[in-house]
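Here is what each chain is made of, one letter per residue.
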Amino acid sequence: LALQNAQGILNQPNTTQNDINAALSTLETAVDGLVVAEADYSVVEIAKADAASKNALNYTEASWANLQAALDAADAAQGYSVFYQSAVDKLAMDINDAIAALEYGTADWSLVDQAVSVYENLDPSLYTPESWINLRNAVNTAMEEKDKVPAYTVAEQAYVDSLAKAISDAID
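My aim in this report is to walk through the structure given alongside it, one point at a time. (Residues numbered from 1 in each chain as written. Predicted model: local features only at pLDDT ≥ 70, side-chain atom pairs only at ≥ 80, totals over all residues. Heavy atoms only, no water.)

**Points about the overall build of the protein chain**
Turning to step 1, where the next piece is worked out: Within the protein chain one finds 8 helices and 0 strands.
Turning to step 2, where the next piece is worked out: Going from the N terminus to the C terminus, the protein chain shows its helices and strands as α-α-α-α-α-α-α-α.
Turning to step 3, where the next piece is worked out: Over its C-alpha trace the protein chain gives a radius of gyration of 34 Å, far above what one expects of a compact globule, namely 16 Å for 172 residues.
Turning to step 4, where the next piece is worked out: Seen through its C-alpha atoms, the protein chain measures out along the principal axes to roughly 120 × 20 × 20 Å.
Turning to step 5, where the next piece is worked out: Considering the protein chain as a whole, with its 172 residues, one finds that 28% of them fall into the buried category.
Turning to step 6, where the next piece is worked out: Within the protein chain, counting contacts between residues at least 6 apart in sequence, those at least 24 apart form 77% of the total.
Turning to step 7, where the next piece is worked out: Accessible area of the protein chain: about 11,200 Å², with a carbon and sulfur share of 55%.
Turning to step 8, where the next piece is worked out: Mean positive and mean negative side-chain charge positions of the protein chain (7 and 26 charges, respectively) differ by 11 Å. (Helix = DSSP H or I, 4+ residues; strand = E, 2+ residues; numbered from the N terminus. Rg over C-alpha atoms; globule rule 2.2 N^0.38 Å. Buried < 20%, exposed > 50% of the residue type's maximum accessible area, 1.4 Å probe, protein only. Contact = heavy atoms within 4.5 Å. Areas by Shrake-Rupley, 256 points an atom, 1.4 Å probe, with all protein chains shown as cover. Lys, Arg positive; Asp, Glu negative; His and termini not counted. Charge placed at Lys NZ, Arg CZ, Asp CG, Glu CD.)

Below is the structure:
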């Protein structure tokens with residue numbers, strides 16, 4: 001509106017310098033009152049929500065640290081204006097990339113190790129030959145699986161636990 005008024009004054013044939021100065025002052029006041037809009041952080045918030053759904057215990061320390069670094073960068077970059085929208089979008093992309101790069105940690109074999117330890121302390125003469133063979137097969141299977149490369153991950157923990165259960169069941 002201030003711009004239209006200033007243009008209107010300039011287009012009038014009997015405009016005085018005072019009229020021009022007043023229009024200029026109004027225009028400058030309007031310009032000074034402009035506020036640059038804040039960048040849209042919605043994509044960052046969506047990426048942060050996705051990251052919050054992850055459990056650090058399931059992933060390697062290094063890959064989790066990369067995700068935390070991306071989240072920390074996003075937290076530190078608040079209040080950017082629309083002129084920096086591409087930088088805000090990059091923050092979201094960095095979080096999403098870090099989520100995609102998360103690597104599962106290795107499975108916990110402690111239950112298998114405990115079951116094998118029990119097996120190693122058993123007296124085979126107290127068991128029938130068939131039950132001892134079943135137990136030994138369960139132990140051998142678990143140890144072969146444990147030695148496989150690549151190692152089982154936490155995503156496969158249920159399978160690892162089933163190997164320990166097979167040994168325990170064979171003992172009982």
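**Some details on the side chain of serine 63**
Turning to step 1, where the next piece is worked out: Structurally, serine 63 is set in helix α4 (residues 61–76).
Turning to step 2, where the next piece is worked out: Serine 63 sits in the buried class, given a relative accessible area of 5%.
Turning to step 3, where the next piece is worked out: Reaching out from serine 63, the side chain makes a polar contact with the backbone nitrogen of glutamate 103 at a distance of 3.1 Å.
Turning to step 4, where the next piece is worked out: In this structure, serine 63 is in contact with Ala101, Leu102 and Glu103, ignoring residues within four places of it in sequence. (Polar contact = N/O pair within 3.5 Å; in protein donor to acceptor, adjacent residues only side chain to side chain.)

**What about the nonpolar core?**
Soluble globular proteins tend to bury their nonpolar side chains together.
Turning to step 1, where the next piece is worked out: With 19 residues, the main nonpolar core has Val44, Ala51, Leu67 and Ile95 as its most contacted residues.
Turning to step 2, where the next piece is worked out: Counting residues per element, the ones that place at least two in this core are α3 (42–52), α4 and α5 (85–100).
Turning to step 3, where the next piece is worked out: Considering each element in turn, this core owes the most residues, 6 residues, to α5.
Turning to step 4, where the next piece is worked out: Excluding residues within four positions of it along the chain, valine 44 makes contact with Ala74, Val88, Leu91, Ala92 and Ile95.
Turning to step 5, where the next piece is worked out: Core analysis: the next-biggest nonpolar cluster, separate from the first, contains 17 residues, Leu135, Val139, Ala142 and Leu163 among them. (Core = buried A, V, L, I, M, F, W, Y, C linked by side-chain atoms within 4.5 Å.)

**Some details on the packing of helix α6 (residues 110–120) against helix α7 (residues 129–146)**
Turning to step 1, where the next piece is worked out: Where α6 contacts α7, the two axes come as close as 11 Å, and the packing angle between them is 145 degrees. Judged by the twist between their axes, the crossing of α6 over α7 is left-handed. Taken together, the residues of α7 that come into contact with α6 (itself represented by Val112, Asp113, Val116 and Tyr119) are Trp132, Leu135, Arg136, Val139, Ala142, Met143 and Lys146.
Turning to step 2, where the next piece is worked out: Within the contact of α6 with α7, the residues separate by chemical class into 8 nonpolar, no polar and 3 charged. (Axes fitted to C-alpha atoms, helices over the stretch in contact; angles between N-to-C directions. Left-handed = near helix turned anticlockwise from the far one by under 90°. Nonpolar A, V, L, I, M, F, W, Y, C, P; charged D, E, K, R; others polar.)

**Quick notes on the packing of aromatic side chains**
Turning to step 1, where the next piece is worked out: What the rule picks out here adds up to 7 aromatic pairs.
Turning to step 2, where the next piece is worked out: For the ring pair tyrosine 59 and tyrosine 104, a centre distance of 5.2 Å and an interplane angle of 15 degrees mean the geometry is stacked. In this pair, tyrosine 59 sits in the loop between α3 and α4 while tyrosine 104 sits in the loop between α5 and α6, placing the two residues 45 residues apart along the sequence.
Turning to step 3, where the next piece is worked out: The class of tyrosine 59 is buried, set by a relative accessible area of 13%.
Turning to step 4, where the next piece is worked out: A centroid spacing of 5.5 Å and a plane angle of 45 degrees characterise the contact between tyrosine 152 and tyrosine 159, whose relative ring orientation is tilted. (Phe/Tyr/Trp six-rings, centres within 6.5 Å; stacked < 30°, edge-to-face > 60°.)

**Describing the packing of α3 against α5**
A packed helix pair is summarised by two numbers, namely the angle formed by the two axes and the spacing between the axes.
Turning to step 1, where the next piece is worked out: Two elements in contact, α3 and α5, have axes separated by 8 Å at closest approach and are oriented at 20 degrees. One way to sum up the angle between α3 and α5 is to call them roughly parallel. Between α3 and α5 the crossing geometry is left-handed. Contact residues: Val43, Val44, Ala47, Lys48, Asp50 and Ala51 in α3; Val88, Asp89, Leu91, Ala92, Ile95, Asn96 and Ile99 in α5.
Turning to step 2, where the next piece is worked out: A breakdown of the residues in the contact of α3 with α5 according to their chemical character gives 9 nonpolar, 1 polar and 3 charged. (Parallel < 35°, antiparallel > 145°, perpendicular 65-115°, else oblique.)

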